[in-house]
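# Structural overview
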Amino acid sequence: MFNRINDPSAAARLTALILGALLLVRLGCILLTPLELYADEAQYWRWGQTLEWGYYSKPPLIAWLIHSTTAIFGDSAWAIRLPAPLLHTIAAWCLFLLGRTMAGPRIGLMAAVGYALMPAVFLSSTVLSTDGVLMPIWALALWLLWRVRAGEAGWAGFAALGLAVGAGFLAKYAMLYFAIGIALVMLIDGPSRRNLFSLKGGLAAILALAVIAPHLVWNAQNDFATVGHTVDNANLGGDLFNPENALKFLADQMGVFGPISFLGLIAGLIFMRRSVSGEPARQELWLACFIVPVLVIIFFQSILSRAHANWAATAYPAASVLIALFFLRARTNRPLWFWIAGLTGFGFLLVPDFTLTARIIVGLVWAGIILGAGYLSRFKPEGLFWTGLGLHSVLGLFMMIAMTFPAALSGPLDLDNALKRTRGWDAISDRLTGFVEETGTPSALLVDEREIWHGLDFYLKDRIEAPLILWRYNEGAHSFAEQQPLTDDMDGDVLVASYRPNRRPAIAADFETFEKVGEISVDLGTRSNGCPIERRLVLYRASGFDPLPRNQDWVERFDNQTMDAPEPCPAAE
């Protein structure tokens, strides 16, 4: 069937049909899932209550989106997440346009569907993140830049490119990698260099800077808070050589892009210029400029300190087009199938949140499916591409079902620990509200964990008439929640809802009186070792707020101290 999709209209219709069906499934999951907001989503919602040109740790676009959707549909989890599947659908369509413009409709279809079925896109389509906001802008900018390179963009096309690049920086600072890609293609690709070094290219640059400028001004007026947090997030302190993180980074990227897709990408990049020449080789090299720098930078970041799995996400829009080119142009290669099957099976051993037995079984099953598909497709590389997407579809459907029916499936599938950040917030807010109704409204509600602050900020809103304050471990603010002012209400009758036993002795020392008055908790499931997962808040009444100075003596005084800690789980011993 796919071999006959060379007609532009037929390819566009089929691509639209597939993306539309995926969009409906993902919208249904968002509307039906009982899973609640996780802390970052609640934080973005709080930012979206006011429209600014920047926020504590991120540029403003995600907060603007949430402000728009909640203004229309109200403050609900599904309304906050509503843009996520729409944004990824737009990104996939832009990649169809890029692939079709670059190498024909068949490549466009493979790129769009390959992106839409990425494991990370399945997950990112059900939660709203800055990556999800950036991806359609990045994909659009890639397509516009290729049109510039091909001489197909007029003044409007150059203007759109400039606006897209600027908007990308308002979505996430990772758009800087796109600027690096532009610099590289100008260095190695004559058509790109000639077309960008022009009056039209100057217009694109001016418009990009014009879009970014208000955010830069906001940063300057706010002590470069967002830029500073981004630098801090790199965590380049302490031991700067952690080679054991390299394997984890590679395993994470197999999870983000899909094991077959990522391994095929690496193999293709290594052997890229041996199989093609002329314009096809220039196409592949052009795309690699938007892939290799991201992967290399984040790879070394992981070795120097740490790197979250999504930090290299911007490599994969261009990679979705590139692997379509690789798999379609490559010759029959039986060893490639065996290598990818073996490495895929090994990669599952590194997956967290599952038992070793489950990882071994799933890894062997996937490896067997890959080899079986290889036999059926006579070990043609394009068959490997579609096999990967078929496995992604099964994995994605599994994720959608688990998120729609977590109460029934998360326990048997050992997903309770993975889902704990999105469960129990409304229930713990109910219990806290009930306690306050019975004992009286405090002058302030104090918590000692950032995630607890954000969860209660959303789910407790308008239910307790007391300011919600995060206790300060440090002298200054180290998170957005810590920026909330320590109001005069802290001098009155404070209700402390403590999550961390190791913080309680230090919190008690900041008050003249500190008395335990109860505790509340919600059940979040069971760990793979049999230990229960719960969100437990120990409640104290405190008064006479007089915080001690945060110095080294203070740190040493409370080091290794705990208060009212729960009994350890016997199953974990």
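Residues numbered from 1 in each chain as written. Predicted model: local features only at pLDDT ≥ 70, side-chain atom pairs only at ≥ 80, totals over all residues. Heavy atoms only, no water.

For sheets, the rule is that strands pair by backbone hydrogen bonds, running either parallel or antiparallel. Taken in spatial order, the five strands of this open sheet run S2-S1-S3-S5-S4, and their pairing is mixed. The sheet is open, and its two edges are formed by strand S2 (468–470) and strand S4 (511–526), each paired on a single side. The average angle at which neighbouring strand axes cross in this sheet is 25°, direction not considered. Here strand S3 (residues 494–498) runs beside strand S5 (residues 532–545); their pairing, made up of five bridges, is antiparallel. Bridge pairing in S5 links serine 498 to valine 538. (Pairing = 2+ DSSP bridges. Helix = DSSP H or I, 4+ residues; strand = E, 2+ residues; numbered from the N terminus. Axes fitted to C-alpha atoms, helices over the stretch in contact; angles between N-to-C directions.)

Right, let's get into a nonpolar patch on the surface. A cluster of nonpolar side chains, contributed by Leu247, Phe346, Leu349, Leu350, Leu356, Ile360 and Leu364, occupies part of the molecular surface with about 630 Å² of accessible area. At three residues, the largest contribution of residues to the nonpolar patch is made by helix H21 (residues 356–376). With respect to the helices and strands, the residue leucine 349 is situated in the loop between helix H20 (334–347) and H21. (Patch = residues over 30% accessible without salt bridge, like charges linked within 9 Å, V, L, I, M, F, W, Y side chains within 5 Å. Areas by Shrake-Rupley, 256 points an atom, 1.4 Å probe, with all protein chains shown as cover. Salt bridge = Lys/Arg side-chain N within 4 Å of Asp/Glu carboxyl O.)

A complete count under the given rule lists 27 aromatic pairs for this structure. Considering the side-chain rings of tryptophan 453 and phenylalanine 480, the 6.3 Å spacing of their centres and the 80° angle between planes classify their relative orientation as edge-to-face. With tryptophan 453 in helix H26 (residues 450–459) and phenylalanine 480 in the loop between S2 and S3, this residue pair connects regions lying 27 residues apart in the sequence. The exposure classification of tryptophan 453 matches that of phenylalanine 480, with both residues buried. These aromatic residues form a ring-pair network of at least three members: Tyr44, Trp47, Tyr55, Trp453 and Phe480. In this arrangement the basic side chain of arginine 26 is found over the ring face of phenylalanine 122, its NZ or CZ atom lying 4.4 Å from the centre. (Phe/Tyr/Trp six-rings, centres within 6.5 Å; stacked < 30°, edge-to-face > 60°. Buried < 20%, exposed > 50% of the residue type's maximum accessible area, 1.4 Å probe, protein only. Lys NZ or Arg CZ within 6 Å of the ring centre and 35° of its normal.)

Right, let's get into the state of the cysteines. Taken as a whole and assessed by the stated rule, the structure comprises one disulfide. Between the sulfur atoms of cysteine 531 and its disulfide mate cysteine 569 the distance is 2.1 Å. What sets the handedness of the cysteine 531 and cysteine 569 disulfide is the S-S torsion sign, and at about -95° it is left-handed. Note that cysteine 531 is positioned in the loop between S4 and S5 and cysteine 569 in the segment after helix H28 (552–557), a separation of 38 residues in sequence. Cysteine 531 gets classed as buried once you look at its relative accessible area, which sits at 5%. (Disulfide = S-S within 2.5 Å.)

Any functional reading would require information beyond the geometric quantities listed.
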